[in-house]
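# Residue-level structural notes
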Amino acid sequence: MDDRGLTQDQLELVEKVRKFRTDVIDPLEPHKREWIEDPDLRFPWEVVEEGSRRGLRTLSVPREYGGADASMLDLCLTVEELAAGDMGIAVIFDQTWKIANTIGSMATQEQKEWFYPDFVSDHRFLLSIGIVEPDHATDVFMSRHLAEMDHRTVGLNTTAILEDGHWVINGAKAMPSLASTAKLVVVLAQTEPDVPIHEGGTYFLVPTDTPGFRVGRIWDKMSQRLADNAAMVFDNCRIPQSQQLGERGRARHFPMTSGGNIEAGATTLGTARAAYEAAVAYARERIQGGRPLIEHQAIGMMLAEMAIELEAARSLIWQAASAYDRGSTRTPLQFMAKWFAVEAAVKVCMKSMEVFGGFSIMRDMPVQKYMRDCLSFLHSDGSQQSRLMLLQQRMLDPEETFFASGS
Ligand SMILES: Cc1cc2nc3c(=O)[nH]c(=O)nc-3n(C[C@H](O)[C@H](O)[C@H](O)COP(=O)(O)OP(=O)(O)OC[C@H]3O[C@@H](n4cnc5c(N)ncnc54)[C@H](O)[C@@H]3O)c2cc1C
């Protein structure tokens, strides 16, 4: 164990991911590759395949099915390193771990036998999850809160109706990550009419070659340009009942138990760390007033603040991840870690741009990309405000002991 509490295995994992970064991600020159116009040509399939060959794509899969059984802390360490190379690439891997984890935790034995073998053996097998809709976005995360506070029923527009042993899905999802590159999507649909989403939503497994499923608009984004975000369209998409994932009408349990928020925090941490390291390197070499920028107190203090922000974010992420690994899947720490890391990341990128001065906005300079990428997490994995609202919701719960004990 090192002085930060990481085990030998974790240190080796970090080393392995760093090597992957320098061997495979850096030579791709993400800051140039991201500007390729055609999304098909832009998508870094060669990185996905090589990462998969090195065991990175299937990190979260249980060993018995051929994965690495990675803990949440392992995933956070890995995604921080990947995101220091490129946030879009980090999101491709992280999204796939997160959804594989979710499937693993909700699937029946038969569904696991159906899913894992193909997923593990196919180096291009990516996953996507469609929750948010054009007309119901934050509503999905706040459904219980909205129903209790405003006595309103907020249902999804995407519906699934049971017909002759098949679910027939109709509707659309707004902008899921990897919607146009995934082979299998998890979709949230309303199965019970006239009740709020958290009482009437059910998850389904839909292979993307199912008739009635199609990819809608592929969004042209300013952030995470190496990962795709696209609309999913379900038009009388008929799937066997056996592809229902988890209990009917119990959708609320998944967003609360997934560690996705912690991984989201670790992703922004990685990119913000790259922004900090770039700023330190630049401040050492750029001479103004006869000495390197870093020797000017105003710049040096800014760099010190950036280091503190990053360290505080990392501490919270590691604490949340370790709690998750000990079985505390519903702790508010998850929301805190995501919220704090994203706020810190945006501040760090802003300061990094300050260090680079007028050059910061030039496309040749990596710092503008770091800032664009980090901004994407203000509304990814739920908005920052929705994380605060969920914490408020937990505070209102008289049975919630977290805030009283602080542990
Ligand atoms: C990079 C990226 C990746 C994404 N990946 C996925 C994915 O894989 N799968 C998926 O399903 N979705 C995905 N999303 C969608 C994402 O979850 C939503 O963008 C997010 O939930 C916010 O929804 P919205 O953007 O429509 O904002 P809205 O819900 O329209 O909210 C707009 C603003 O109003 C605030 N607001 C909304 N409702 C309330 C309220 N009741 N009270 C107070 N304030 C409120 C919000 O906090 C926000 O600031 C992704 C988004 C991004 C940017």
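To be clear, the structure that these remarks concern was listed above.
Starting from 1, residues in each chain are numbered consecutively following that chain's sequence as written. Owing to the predicted nature of the model, reporting of local features is limited to residues with pLDDT of at least 70; listing and counting of side-chain atom pairs is limited to 80 or more, with chain, interface and lining totals taken over all residues. To get the side-chain values, take all heavy atoms of the structure and skip hydrogens and water.

A pair of Phe, Tyr and Trp rings is counted when the ring centres sit within 6.5 Å of each other, with Trp represented by its six-membered ring. The angle between the planes then sorts it: under 30 degrees is stacked, over 60 is edge-to-face, the rest tilted. One pass over the structure, following the stated rule, counts ten aromatic pairs. Relative to Tyr116, the ring of Phe115 lies with its centre 5.1 Å away and its plane at 50°, an arrangement referred to as tilted. A relative accessible area of 2% places Tyr116 in the buried class. Three or more aromatic residues link up through ring pairs in this structure, and these residues are Tyr65, Phe115, Tyr116, Phe119 and Phe125. We call a charge positioned over a ring when the NZ of a Lys or the CZ of an Arg lies within 6 Å of the ring centre and within 35 degrees of the ring normal. Between Arg57 and the ring centre of Phe119, over which it is positioned, the NZ or CZ distance is 4.8 Å. Type-normalised accessible area, obtained with a 1.4 Å probe on protein chains alone, sets the label of each residue: buried when under 20%, exposed when over 50%, and partly exposed for intermediate values.

It is worth spelling out the packing of helix H12 (residues 260-285) against helix H15 (residues 366-375) at this point. One way to put it is that H12 packs onto H15 with a least axis distance of 9 Å and a crossing angle of 160°. Taken together, H12 and H15 sit at an angle that is classed as roughly antiparallel. As for how H12 packs across H15, the hand of that crossing is left-handed. Residue-level contacts link Thr268, Thr271, Ala272, Ala274, Ala275 and Ala278 of H12 to Tyr370, Asp373 and Cys374 of H15. Amino acid classes used here: Ala, Val, Leu, Ile, Met, Phe, Trp, Tyr, Cys and Pro are nonpolar; Asp, Glu, Lys and Arg are charged; the rest, including Gly, are polar. The residue makeup of the contact of H12 with H15, split by class, is six nonpolar, two polar and one charged. Fitting a line to C-alpha atoms yields each axis, with helices limited to the stretch in contact; the angle taken between N-to-C directions then spans 0 to 180 degrees. For the purposes of this entry, the term helix denotes a DSSP run of H or I that reaches at least four residues, the term strand denotes a run of E that reaches at least two, and both are numbered from the N terminus. Put simply, angles under 35 degrees are roughly parallel, angles over 145 are roughly antiparallel, angles from 65 to 115 are roughly perpendicular, and the rest are oblique. We call a crossing left-handed when the near helix sits turned anticlockwise from the far one by less than a right angle, and right-handed when that turn is clockwise. Throughout, a residue-residue contact means that at least one pair of heavy atoms, one from each residue, lies within 4.5 Å.

With that settled, the discussion passes to helix H6 (residues 87-106). Taking 1.5 Å per residue, 20 residues should reach 28 Å; H6 reaches 28 Å between its end C-alpha atoms and fits that length. Of all 20 residues that make up H6, 17 are buried, and the element is covered over most of its length. Where H6 begins, the capping side chain belongs to Asp86, and its oxygen is found 2.9 Å from the backbone nitrogen of Gly88. By this rule the span expected of a helix is its residue count minus one, scaled by 1.5 Å. Any N or O atom pair separated by 3.5 Å or less is treated as a polar contact, with the protein-specific requirement of one donor-capable and one acceptor-capable atom, and with residues adjacent in sequence counted only for side-chain atom pairs.

Moving on, we get to the site of the ligand. Here a residue is near a molecule or strand as soon as one of its heavy atoms is found within 4 Å of it. With respect to spatial proximity, 21 residues lie near the ligand, and among them Ile129, Ile131, Val132, Thr138 and Ser383 are the closest. Between the ligand and Gln385, the relevant distance is 3.5 Å, taken from an oxygen atom to a side-chain nitrogen or oxygen of the residue. Taken by itself the ligand offers 970 Å² of open surface, and the protein chains cover 69% of this. Those elements giving two or more residues to the shell around the ligand turn out to be strand S1 (127-130), helix H8 (138-141) and helix H16 (384-396). When the residues that make up the shell around the ligand are grouped by side-chain class, the tally is nine nonpolar, twelve polar and no charged. Calculation of accessible area relied on Shrake-Rupley with a 1.4 Å probe; when residues are assessed, cover is drawn exclusively from the protein chains displayed.

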